[in-house]
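# Commentary on secondary and tertiary structure
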Amino acid sequence: MRDEILAEITAVCDSQAFILGPKVAELEEKIGALCGGWAVGASSGTDAQLLIMMAMGIGPGDAVITSPFTFFSTAGCVSRLGAKPIFVDIEPDSYNLDPVKLEEFLECSCIRTPKGLVTQQGLLIRAVIPVHLFGLCCDMDRINEVCAAYDIPVIEDAAQAIGAEYPSRTGVKRAGGLGQFSFFSFYPTKNLGAFGDAGVAVAADRMAAGKMKTLRNHGMEPRYLHEFIGGNFRLDALQAAVLLRKLPYLEQWSRRRWDIAQRYRELLSGVPSGLTLPAEPYRTACEARGHIFHQFVIRTGQRDALRGYLRDHGIGSEVYYPVALHRQKCFAYLRYRQGDFPWAERAADQSLALPIFPELTDEEVDLVGKTIFSFFQC
Ligand SMILES: *Cc1c(COP(=O)(O)O)cnc(C)c1O
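Residues numbered from 1 in each chain as written. Predicted model: local features only at pLDDT ≥ 70, side-chain atom pairs only at ≥ 80, totals over all residues. Heavy atoms only, no water.

### Remarks on the site of the ligand
- In the vicinity of the ligand, 14 residues are found, and the nearest of them are G45, T46, Q160, S185 and K190.
- Contact between the ligand and G45: an oxygen atom at 2.8 Å from a main-chain N or O atom of the residue.
- Between the ligand and the protein, one listed contact pairs a nitrogen atom with a side-chain N or O atom of D157 at 2.8 Å.
- Protein contacts shield 93% of the accessible area of the ligand, which totals 380 Å² for the unbound molecule.
- Looking at the shell around the ligand, the elements that each hand over two or more residues are helix 3 (45-55) and helix 4 (73-80).
- Grouping the constituent residues of the shell around the ligand by class yields 4 nonpolar, 8 polar and 2 charged. (Near = heavy atom within 4 Å. Polar contact = N/O pair within 3.5 Å; in protein donor to acceptor, adjacent residues only side chain to side chain. Areas by Shrake-Rupley, 256 points an atom, 1.4 Å probe, with all protein chains shown as cover. Helix = DSSP H or I, 4+ residues; strand = E, 2+ residues; numbered from the N terminus. Nonpolar A, V, L, I, M, F, W, Y, C, P; charged D, E, K, R; others polar.)

### Some remarks on the nonpolar core
- I31, I65, L102, L106, F184 and F186 are the most contacted members of the largest nonpolar core, which has 51 residues in total.
- Sorting the residues of this core by element identifies helix 2 (22-35), strand 2 (62-66), helix 5 (99-108), strand 6 (124-129), helix 6 (140-149), strand 11 (199-203) and helix 8 (237-246) as the ones contributing at least two each.
- Of the domains in this structure, domain 1 (2-248) and domain 2 (250-377) are the two that each give at least three residues to this core.
- When neighbours within four sequence positions are excluded, L106 is seen to be in contact with I65, L117, V146, Y150 and I152. (Core = buried A, V, L, I, M, F, W, Y, C linked by side-chain atoms within 4.5 Å. Buried < 20%, exposed > 50% of the residue type's maximum accessible area, 1.4 Å probe, protein only. Domains from an automatic or database assignment. Contact = heavy atoms within 4.5 Å.)

### Thoughts on the domain arrangement of the chain
- Once the domains are mapped, the chain shows domain 1 (2-248) and domain 2 (250-377).
- Relative to domain 2, the C-alpha centre of domain 1 lies at a distance of 24 Å.
- Contact with domain 1, which involves 45 residues of that partner, is made by 37 residues of domain 2.
- Approximately 3,600 Å² of surface area, both sides summed, lies buried where domain 1 meets domain 2, with 64% of it carried by carbon and sulfur atoms.
- A per-residue breakdown of the area domain 1 buries against domain 2 is headed by F87, F134 and N191, which together make up 20% of the total.
- Counting across the domain 1 and domain 2 interface gives 3 salt bridges.
- Here R299 makes a salt bridge to D93, at a shortest N to O gap of 3.4 Å.
- Inspection of the domain 1/domain 2 interface yields 19 residue pairs in polar contact (both at pLDDT 80 or more).
- Sorting the residues of the side of domain 1 that touches domain 2 by element identifies helix 4, strand 3 (84-87), strand 8 (165-168) and strand 9 (171-174) as the ones contributing at least two each.
- Tallying contributions element by element places strand 3 first for the side of domain 1 that touches domain 2, with 4 residues.
- Class assignment of the residues belonging to the side of domain 1 that touches domain 2 gives a composition of 26 nonpolar, 10 polar and 9 charged. (Buried area = accessible area lost by both parts, 1.4 Å probe. Salt bridge = Lys/Arg side-chain N within 4 Å of Asp/Glu carboxyl O.)

### Let's talk about the packing of helix 3 against helix 4
- At a minimum axis distance of 10 Å, the contact between helix 3 and helix 4 shows a crossing angle of 45 degrees. Taken together, the axes of helix 3 and helix 4 are oblique relative to one another. As for the relative orientation of helix 3 and helix 4, their crossing is right-handed in sense. Taking contact as the criterion, the partners of T46, Q49, L50 and M53 in helix 3 are, on helix 4, S73, T74, C77, V78 and R80.
- A class-by-class count of the residues in the contact of helix 3 with helix 4 yields 4 nonpolar, 4 polar and 1 charged. (Axes fitted to C-alpha atoms, helices over the stretch in contact; angles between N-to-C directions. Parallel < 35°, antiparallel > 145°, perpendicular 65-115°, else oblique. Left-handed = near helix turned anticlockwise from the far one by under 90°.)

### Brief notes about the packing of helix 10 (residues 303-312) against helix 12 (residues 362-377)
- Remark: helix 10 packs on helix 12, axes separated minimally by 10 Å, with the N-to-C direction vectors making an angle of 130 degrees. Between helix 10 and helix 12, the interaxial angle falls into the category oblique. The element helix 10 and its partner helix 12 pack so that their crossing is right-handed. Mapping the contact onto sequence places A305, L306, Y309 and L310 in helix 10 and T371, I372, S374, F375 and F376 in helix 12.
- When the residues that make up the contact of helix 10 with helix 12 are grouped by side-chain class, the tally is 7 nonpolar, 2 polar and no charged.

### Things to note about the layout of surface pockets
- By volume, the largest pocket amounts to about 810 Å³.
- Taken together, 39 residues line the largest pocket, and the ones lying closest to its centre are Y187, T189, K190, H294 and Q295.
- Of all the secondary structure elements, the ones that give two or more residues to the lining of the largest pocket are helix 3, helix 4, strand 10 (181-185), helix 9 (250-268) and strand 13 (351-354).
- Per-class residue counts for the lining of the largest pocket are 17 nonpolar, 15 polar and 7 charged.
- Taken together, domain 1 (2-248) and domain 2 (250-377) each give at least three residues to the lining of the largest pocket, which thus spans both.
- Estimates place the volume of the second largest pocket at around 250 Å³.
- In this structure, the second largest pocket is lined by 13 residues; those nearest its centre are K84, I86, F105, Q121 and Y336.
- Among the elements that make up the lining of the second largest pocket, the one with the highest residue count is strand 3 (3 residues).
- The residue makeup of the lining of the second largest pocket, split by class, is 6 nonpolar, 4 polar and 3 charged. (1 Å grid on protein atoms, 1.4 Å probe; cavity = no way out; pocket = protein on both sides within 12 Å on 5 of 7 lines; lining within 4 Å. Points joined across faces, edges and corners; volume = space filled by probe spheres on them.)

In structure tokens, the structure reads:
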């Protein structure tokens, strides 16, 4: 895509419009149409999440529930705004927030009050953030049902799931169109990657998106008048132009990732024991969209040995994420202990992401598969 992308970059340079502007507006329209909401371009996925929570007025005295097994920023943003992150464990095989445990927490550990559901310390539960980890949507029908019963808004962390489909009770929908708010990241390693940091926040409600547009530019509207305190969360035109050029290919790239995943599945299904393959619970009409395989994550008790073996054979792999968030030093003040979220802890200890990207060849996939097979046979 070198020439196509360089042409886009040249056009932005010639326009001399480097921040926001028509390219960003066009990207917002396309992403909004993809997931069915109002999109607001932002400087990163993290900043998009901050924008959403700032627009909701989340701050001190509030609590936000999320998964302990996700990238740091999901919970980091909650803390940065002065609210308290609360963790609820994941499902053992999908690695996504468990709706049953969520309901249990809301029902057994919280108190209904006239202003809403509060924790035993008196913090108001302002949002639940399910994370569509590795490109697989959470069980959103059940999460939405539980949250609706307590009138708690849902913010989807769709950073890893652009284009993924979820067969909801009201029809098949895309990640990012399943909650009141959502956000995507275009960090270069994501399925749709920019040439630097970029992200987008999505609101189901048009007014909320309008507020986010003001907040991303210091809450300024009109010029030099500030009704709210926002920040600089603006998206560069260069990033939007690159993303717009790449977007039409997203579908075929996701399809290739899915094909690679199925090839891994076939190659590895014969491994005698001790290896768990990724769950794939949603088969939509277009089955390749039920999981977009941002990562292909296997699980084994011999994770570290397998990783070393692959490294010795010239094969890269990665651990997402080696330490669950409730075990991070910076969250020690939350007073969680080891053993509080056993499935998140097991995932941190045992999961391993294999190479997956559209340009990977079948021969390379076969080599990875055979090498893993031979590891388990020694
Ligand atoms: C990448 C990622 C983010 C943050 O996105 P940035 O664009 O890097 O700020 C948030 N949540 C998850 C699950 C991610 O993978």
